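# An overview of the molecular structure
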Amino acid sequence: MARSISLNVTLAAAMLGLAGIVFAHGNVTPQPVDTGNLPKLGEEVLAQNPFREGNEYDEFNAQAVKIGESAYAGNCAGCHGIRAMSGGLTPDLRELTEWDDEYYIGRVRNGTDRGMPSWKKTLDQNAIWAIRTYVESLPKPQ
């Protein structure tokens with residue numbers, strides 16, 4: 001009998017914790033991002049990551065990774081996981097490919113109807129692409 005009550009209490013606590021995580025998704029206080037000396041990308045939304053190796057500003061790749069790591073930690077990790085290792089409630093950003101750049105920029109700027117906020121008033125293009133560059137620098141999931 002004591003085991004049954006203990007098991008029920010444990011399950012109830014786990015469910016309550018899971019519900020807290022689900023309802024917390026997207027409830028992030030935006031953190032400012034200092035994009036340092038990255039070139040200003042302007043207002044026109046780019047369709048691909050300019051800081052990726054082989055692209056227009058690839059000489060800023062290492063700097064973008066460093067800036068993106070800090071920006072990700074302050075704005076994305078709460079929902080998408082530390083070092084982009086999703087716990088399964090949100091997409092694993094490490095699985096995006098370079099062909100997903102337009103999808104990525106659209107989702108980040110406009111948000112989703114499933115809880116992700118729009119970041120277009122908070123993060124400029126430099127910060128958004130720096131975050132993408134950081135995520136691309138991480139090892140792919142096994």
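Structure first, text after, so check above.
Residues numbered from 1 in each chain as written. Predicted model: local features only at pLDDT ≥ 70, side-chain atom pairs only at ≥ 80, totals over all residues. Heavy atoms only, no water.

Evaluation of the coordinates by the stated rule reveals 4 aromatic pairs. Between Tyr57 and Phe60 the ring centres are 6.3 Å apart and the planes differ by 65°, which places this aromatic pair in the edge-to-face class. Considering the side-chain rings of Tyr72 and Tyr134, the 5.7 Å spacing of their centres and the 50° angle between planes classify their relative orientation as tilted. Remark: Tyr134 occurs in helix 5 (residues 125-137) and Tyr72 occurs in helix 2 (residues 61-75); sequence separation between them is 62 residues. Note on Tyr72: relative accessible area 1%, which makes it buried. Through successive ring pairs, a cluster of aromatic residues spans Phe51, Tyr57 and Phe60. (Phe/Tyr/Trp six-rings, centres within 6.5 Å; stacked < 30°, edge-to-face > 60°. Helix = DSSP H or I, 4+ residues; strand = E, 2+ residues; numbered from the N terminus. Buried < 20%, exposed > 50% of the residue type's maximum accessible area, 1.4 Å probe, protein only.)

Non-glycine residue Arg83 carries a positive phi angle of around 50°. Along the chain, the position of Arg83 falls in the loop between helix 3 (77-80) and helix 4 (101-110).

On to helix 4. The complete set of buried residues in helix 4 reads Asp101, Tyr104, Ile105 and Val108. Down the axis of helix 4, the sector holding all buried residues measures 90°, keeping them to one side. Residues of helix 4 that are buried make contact with helix 5. Of the residues trailing helix 4, Gly111 is marked for its positive phi of about 75°. (Arc of directions from axis to C-beta. Contact = heavy atoms within 4.5 Å.)

One finds Tyr72, Tyr104, Ile131 and Val135 to be the most contacted residues of the largest nonpolar core, which totals 27 residues. Looking at which element gives the most residues to this core, the answer is helix 5, with 7 residues. Apart from residues lying up to four places away in sequence, Tyr72 is in contact with Ala77, His80, Gly81, Arg83, Ala84, Leu93, Ile131, Tyr134 and Val135. (Core = buried A, V, L, I, M, F, W, Y, C linked by side-chain atoms within 4.5 Å.)

Enumeration over the complete set of coordinates arrives at 5 salt bridges. Close ionic contact of Asp101 with Arg52 constitutes a salt bridge, the shortest N to O distance being 2.8 Å. With a gap of 49 residues between them, Asp101 in helix 4 and Arg52 in the loop between helix 1 (2-24) and helix 2 connect regions that are remote in the sequence. The same class applies to Asp101 and to Arg52, which are both buried. Here Arg132 ties to Glu136 by a salt bridge, and the two come within 3.7 Å at their closest N and O atoms. You can see Arg132 and its partner Glu136 sitting in helix 5, 4 residues apart, about one turn around the helix. Its relative accessible area of 1% is what places Arg132 among the buried residues. One salt-bridge network, held together by shared partners, links Arg52, Asp101, Arg132 and Glu136. (Salt bridge = Lys/Arg side-chain N within 4 Å of Asp/Glu carboxyl O.)

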